[in-house]
Structures are given as structure tokens and as C-alpha cells.
Amino acid sequence: MKALGLALVVGGWMVAVGGLLASEAMMVRMGAALAGLAVSLGGITALNSAHIETALWKSRGR
Amino acid sequence: MRNLRTSFAVALAVLGLVAITVPITRAADEAPAVALTTADLKGISTPSADDLAKGDPGGTLTGTAADIVMADPKAGLTLADVVNQVGQNRIAINFVWTLVAGFLVMFMQAGFALVETGLCRAKNANHTMMMNFMVYGFGLFAYWVMGFAIQQGGSAGISNLGGMNPLNNEFKLSLFGKDWGLFGTKGFFLSGNTYDVAVMVLFLFQMVFMDTATTIVTGAAAERWKFAAFAISTFFLGAITYPLFGNWAWGGGWLSQLGVNFKLGHGYCDFAGSGVVHSVGGLTALAVAMIIGPRIGKYNRDGSANAIPGHDITMVLLGCFILAFGWFGFNPGSTLGASGNGNLRIGSIAVNTMLAGCTGSFGAILYMWIRFGKPDASMSGNGLLAGLVAITAPSGFVNTVGSAIIGLSAGVLVCLSVEFLERVFKIDDPVGATSVHGTCGLYGVLCVGLFADGTSNYGGSWNGVDGSVTGLFYGDPGQFVAQLIGVCTLVGVIFTLSYVFNWFIDVFVGQRVTADAELEGLDLPEMGALGYPEFQLVTPGTGHSVDVGR
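Notes on the structure follow. (Residues numbered from 1 in each chain as written. Chains lettered and ligands numbered in written order. Predicted model: local features only at pLDDT ≥ 70, side-chain atom pairs only at ≥ 80, totals over all residues.)

**Notes on the interface of chain B and chain A**
What counts, and what does not: Here, residue contact means that the backbone-derived C-beta atoms of the two residues sit within 7 Å. Numbering goes from the N terminus for both helices and strands, where a helix is a DSSP run of H or I of at least four residues and a strand is a run of E of at least two. Amino acids outside the nonpolar list (Ala, Val, Leu, Ile, Met, Phe, Trp, Tyr, Cys, Pro) and the charged list (Asp, Glu, Lys, Arg) are all regarded as polar, and Gly is one of them.
In this assembly, 27 residues from chain B lie in contact with 29 residues from chain A. No other element matches helix α15 (residues 477-508) of chain B, which puts 14 residues into the side of chain B that touches chain A. In the side of chain B that touches chain A, the residues fall into 17 nonpolar, seven polar and three charged.

**Focus: the nonpolar core**
Applied cut-off: We call a set of buried Ala, Val, Leu, Ile, Met, Phe, Trp, Tyr and Cys residues a nonpolar core when their C-beta atoms link them within 7 Å. Comment: burial labels come from other C-beta atoms within 10 Å of the residue's own C-beta, placed from the backbone, where a count of 20 or more is buried, 12 or fewer is exposed, and between is partly exposed.
Core analysis: the largest hydrophobic core is formed by 163 residues, its most contacted members being A386, A390, I485 and F495 of chain B. The element contributing the most residues to this core is α15 of chain B, with 15 residues.

**Here we look at helix α10 (residues 313-330) of chain B**
Residues and elements named next belong to chain B. Rules: One less than the residue count of a helix, multiplied by 1.5 Å, gives the span that helix is expected to have.
The terminal C-alpha atoms of α10 lie 25 Å apart, and with 18 residues this matches the ideal 26 Å at 1.5 Å per residue to within 8%. Along α10, the residues that are buried comprise V316, G319, C320, L323, A324, G326, W327, G329 and F330. In this structure, the buried side of α10 is in contact with α4 (79-119), α11 (346-372) and α12 (377-392).

**Considerations on the packing of helix α6 (residues 197-220) of chain B against helix α7 (residues 227-250) of chain B**
Residue and element names in this part refer to chain B. Note the cut-off: A fitted line through C-alpha atoms represents every axis, and for helices the fit uses only the stretch in contact; the resulting angles, taken between N-to-C directions, go from 0 to 180 degrees. When describing relative orientation, an angle under 35 degrees is termed roughly parallel and one over 145 degrees roughly antiparallel, while 65 to 115 degrees is termed roughly perpendicular and anything else oblique. Crossing chirality is assigned from the near helix's rotation relative to the far helix, an anticlockwise turn below a right angle marking it left-handed and a clockwise turn marking it right-handed.
Orientation of α6 relative to α7, taken along the N-to-C sense of each, is 140°, at an axis distance of 10 Å. Here α6 is positioned oblique relative to α7, judged by the angle of their axes. The element α6 and its partner α7 pack so that their crossing is right-handed. Of the residues in α7, those in contact with M210, A213, T214, V217 and T218 of α6 are F230, S233, T234, L237, G238 and Y242. A breakdown of the residues in the contact of α6 with α7 according to their chemical character gives six nonpolar, five polar and no charged.

**Focus: the pairing of strand β2 (residues 178-184) of chain B**
All names here are of chain B. Let me state the cut-off plainly: Between any two strands, pairing holds if DSSP finds at least two bridges.
Here strand β1 (residues 170-175) pairs with β2 via six bridges, running antiparallel. Paired with E170 across the bridge in β2 is G184. Here β1 folds back onto β2, and the loop between the two strands holds two residues, one of which, F176, carries a positive phi near 55°.

**Describing the environment of K178 of chain B**
Within the element layout of this structure, K178 of chain B appears in strand β2. Counting along the chain gives 267 residues from K178 of chain B to V445 of chain B, while the straight-line C-alpha distance between them is 24 Å.

**A look at the environment of A125 of chain B**
Residues and elements named next belong to chain B. By secondary structure assignment, the location of A125 is in helix α5 (residues 125-152). By the C-beta count within 10 Å, which is 24 here, A125 ends up buried. A sequence separation of 11 residues divides A125 from L114, and the C-alpha atoms of the two residues are 9.8 Å apart.

On their own, these measurements won't tell you what the molecule is for.
Structural data, given as C-alpha cells:
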């Protein structure tokens with residue numbers, strides 16, 4: 001789960017940079033950058049969820 | 001009556017003609033410009049030694065042609081002497097400006113130390129203060145060894161500081177027909193031909209910026225971070241992570257070239273470091289806080305959060321004031337000069353900084369007052385910092401209305417972010433560092449792409465693209481896309497690098513202290529001495545107390 005999260009974080013950046021190479025249209029580049037950012041933020045969410053799964057407070061109660 | 005109107009009209013016409021003609025006539029009468037020669041300089045009288053011996057209480061005799069340094073005193077004052085002195089004066093003004101600004105930024109460490117220590121419990125005061133103290137040492141060492149070279153090793157061409165010619169080697173990859181600058185290769189240990197007066201000025205200024213980034217992380221991991229892990233993590237941040245992004249944004253790297261290579265505005269623009277300094281620090285803080293986990297007692301088994309108040313709010317707000325003061329070095333100092341190249345905009349940058357800080361504090365206090373019924377002191381402090389963080393990147397490119405809006409919105413944003421990270425993400429960040437510096441730093445980067453008004457003129461170009469930086473609201477969507485790419489890089493690459501390295505530290509060294517040490521407070525187990533040895537310290541909610549001072 002953590003590896004998947006990290007892969008998504010990096011993948012989002014690749015989508016954003018890939019948009020620069022794929023098209024010269026400003027709207028396409030902006031769309032790719034926004035989509036890439038969303039994917040990266042999704043990756044951070046997944047990564048954090050994996051950490052919460054094993055959090056100390058879940059087992060200890062405090 | 002008709003005659004009167006006619007006379008009035010004629011009189012007006014005559015007056016108008018006179019008004020137009022007189023300046024033209026005067027201009028024509030002006031003598032043509034005569035070039036100044038060395039012979040003219042010989043005729044300039046200077047105060048005699050006797051006059052000067054009498055003292056100069058009015059200040060009219062001190063600082064004359066007699067003070068210009070002559071290359072050959074036997075030949076007397078020449079035009080070349082005067083011109084050289086003018087050039088050196090410009091660079092001297094810029095050196096002094098940049099150094100003094102750097103000294104102000106260095107003093108921000110004191111502000112961070114007070115804010116973070118005040119927001120932590122008394123039983124961790126020594127440990128938190130020591131982390132803030134030692135980032136200066138660990139960070140500086142890492143930056144001197146390799147960080148500066150990676151960041152600025154290929155950044156020759158900074159005319160405000162005399163050209164910076166020894167820093168002339170950037171490692172680049174050629175991909176898809178474009179050059180992608182990745183890191184500099186000159187200036188390791190400040191040795192070789194980087195033993196240069198201008199390079200030293202740039203090093204000092206950039207070093208204190210890097211130090212600001214490293215000290216952000218200590219706040220998010222406070223009260224449970226093993227000191228050895230902190231030291232290694234800080235070294236890596238100062239040596240690699242921070243300098244890499246610094247190079248891409250400020251050292252001539254690929255992000256700064258997005259304008260030249262991809263026609264995206266002026267490339268990624270980050271005037272004083274919302275991205276380079278604050279987002280890098282804030283995202284590293286997020287990575288460390290994730291890995292290290294919340295403090296004992298922060299969350300209940302059902303996931304609800306408990307408030308763990310800091311021990312000294314006066315310390316916190318004093319720290320915020322010190323930081324706001326230091327920010328006048330951070331933003332206006334980022335011109336790297338006060339003379340030439342449109343650097344007189346420093347006045348505007350300083351006002352933008354002041355405005356955004358104040359409106360940030362206002363936005364936060366307003367939000368907290370409406371939402372919780374009381375104006376929260378620590379969040380008003382964080383609101384001030386949020387406004388300052390958000391204006392850091394746009395400060396050189398926006399007007400006062402833009403800066404007020406940016407500050408106000410950042411003040412509200414930081415409150416929302418703190419709540420979101422604590423309640424939804426279950427991230428325990430004792431001082432709100434991730435929200436203040438990470439969230440608001442990224443927001444500040446985007447604000448350049450929105451609010452830059454196209455009036456700045458730093459020598460006619462920025463990042464190799466002619467004209468002024470202009471945001472989406474003023475007609476350039478390309479600039480906004482460049483800023484978006486910068487944000488994606490921060491989140492996608494810098495966060496990942498920080499996470500992976502700190503994960504390695506966790507595996508091989510261990511990031512977190514033992515539960516016993518955490519309950520006792522880190523001062524004795526980690527530092528060997530208490531911050532407040534004469535007080536009895538009690539941890540609220542746990543019933544755990546430390547008896548000291550007996």
C-alpha cells in the first residue's frame with residue numbers, strides 16, 4: 001500500500017511533465033498539470049492511510 | 001455677451017499655445033550635453049586638511065571627490081577612477097543589502113525556536129530548543145560541503161552581485177530536444193575559484209534560507225523525534241533535497257527554464273521561496289510526521305483527537321513577531337541588491353510582506369472567532385506566518401491589493417488545513433508546520449501564476465524571458481501552468497525524496513524515541529538536562545509526572 005502510494009505520488013508528477021511534452025496547447029498542459037497534482041495528492045492520501053492502518057493509537061487506545 | 005464668450009475662447013487658445021510652445025522653446029535653448037573629461041575633475045575643489053581638522057558637525061565636508069580611490073595618485077583623479085568607483089559603489093550597496101538581509105533571515109531561527117518550544121510541553125523544552133539551535137550547525141555544514149554547489153554551482157550571471165562568474169557549471173540532460181538542468185557542480189566546500197567575494201555573499205544569503213527550510217521539520221516532529229535521527233535527516237535535507245529544488249528554481253535548473261523551453265510565461269517563478277524554502281520544509285515535515293506517527297495521547301482509539309496545548313503562548317507570539325521582522329530580510333533581500341535592475345521595487349516588496357502578514361493574522365483570527373467563539377492566540381500567530389509564507393513567492397511580482405488578498409486567504413487556509421490534517425489525515429503536527437509552510441507555501445507558488453500584475457522589471461527579463469512576470473488574472477495562463485508544474489514537482493519529487501530518505505533513517509536508526517522517554521519528556525532521556533529544572537512537570541491527561549528540582 002505504501003509503495004503504491006509513493007508510485008502514485010511520483011506518477012502524478014510524470015503526468016504533469018508529460019503534458020508539457022505531449023501538447024503545446026495551453027489548456028491541455030493545464031489539464032495535465034491539474035490531473036497530475038490530483039494523482040499525487042491521491043498518492044499521499046493512500047500512503048497516509050497505510051500509516052494509519054498500523055498507528056499506535058489504534059492498538060493502545062491513546 | 002457673445003463678444004465676451006469669443007474673447008474668453010481666444011484667451012484660452014492663446015494660453016494653450018503658450019503652454020505648449022514654452023517647453024519646446026526651452027528644450028531648444030538647452031545646451032547640448034558635454035562629456036565630462038579628466039581635466040574637469042582636476043578643477044573640483046575639495047576641503048583642505050585644516051577645514052577637516054575642525055570637525056564636520058553638519059556633514060557637508062565628509063564624502064567628497066577627495067574620497068574617491070585613485071588608481072595612480074601621482075596622475076591624480078581620472079574619469080576612469082570615478083566610473084570605477086560608481087560601479088564598485090553599486091556592487092557594494094548590493095553586497096551590504098544582501099548581507100544585512102541575510103543577517104535578518106538568520107535571526108528568524110530565534111523566532112522559530114521560540115514558536116516551536118512555546119507550542120510544545122515544558123517537559124520537551126530543552127529538546128525542542130536544541131533541535132532549533134542545531135539545525136543551524138548541521139544545516140550549515142551540509143550546505144557548505146555540497147548543498148551550495150548543487151544549488152548554485154551553475155548560476156553564473158547574477159549581475160546584481162557582480163556576475164558570479166566562478167559558478168559556471170550546471171549538469172544538464174538533453175531530453176526531447178531540450179536541456180534539463182539538474183544540479184550545479186561548482187562550489188563544493190567553497191573551494192577553488194569559488195573563493196570569491198561575491199560567491200561568499202550569495203552563500204551566506206542562500207545558507208540562511210536553507211536553514212529556514214530545515215527548521216520547519218523540527219516543529220512537525222517535536223516531542224517524539226530521536227535527536228540522532230533529526231541530525232541525519234537535517235543533514236540530508238541541507239545537502240541534497242533542498243539544494244536540488246533550489247537549483248531547479250533558482251540555480252538555472254529545468255523549472256526556471258520552462259519559459260524558454262516550453263513558452264510557459266517566465267518559467268517557474270518563486271521570488272523568495274514559498275516553494276523552494278517553505279514547501280520543501282513543509283512537505284518534508286509531512287513525510288517525517290507520517291513516518292514518526294502521532295504523540296502518545298494525541299488520538300483516542302476511535303480516532304478522535306485530543307488537544308495538547310503548548311506551555312508558553314507568550315513565547316509563541318514573541319517568536320511570531322521575530323519571524324515577521326526577519327521576513328523583511330527574506331523577501332526584499334531576495335532582489336540580491338538595492339541598486340540597479342529595477343531593485344528599487346524593494347519598497348513595494350516590503351509593504352507586500354507587511355500587508356500579507358497582517359491580513360493573514362486577521363483571516364485566521366476571524367475564522368477561529370466565528371467557528372469557535374474565541375480568537376485563538378496560537379492560530380492568529382500561525383495566520384501571520386501563513387500570510388508571510390504565501391506572499392514569499394509572489395512578493396516581488398504583485399501589488400498591494402493582491403498581497404492583501406493572498407494574506408487573508410492564506411490565514412483562513414491555514415486554519416482549514418490544520419483541522420483537515422488533524423481530523424481527517426490523523427497527522428499530529430504540534431506546531432502546524434505542515435499547514436503553515438507546506439499548504440500555504442504551495443498556495444503561494446500558485447498565487448504567482450494568478451496575481452502577478454506584470455509591472456515588475458528586474459533588468460527587463462526574468463529567467464531568460466523578456467518582459468514582466470504576469471499571472472492568469474492579468475492575462476498570462478502560461479505562467480499559471482509553470483507554477484502548477486512547480487507544485488507538482490514539489491509534491492511528486494521532493495516529498496517522495498524526503499519520505500524515502502526518512503524511511504531509511506527509520507529502518508536503520510529509528511526515528512522515534514521510546515514510549516517511556518516520550519512520557520517522561522525528551523529533555524532528560526535525549527538531552528541529559530531539563531529545560532525547567534526547578535518545576536514539577538505534569539502531563540495532562542496521562543497523570544504522568546516528572547519530579548525535578550529536589
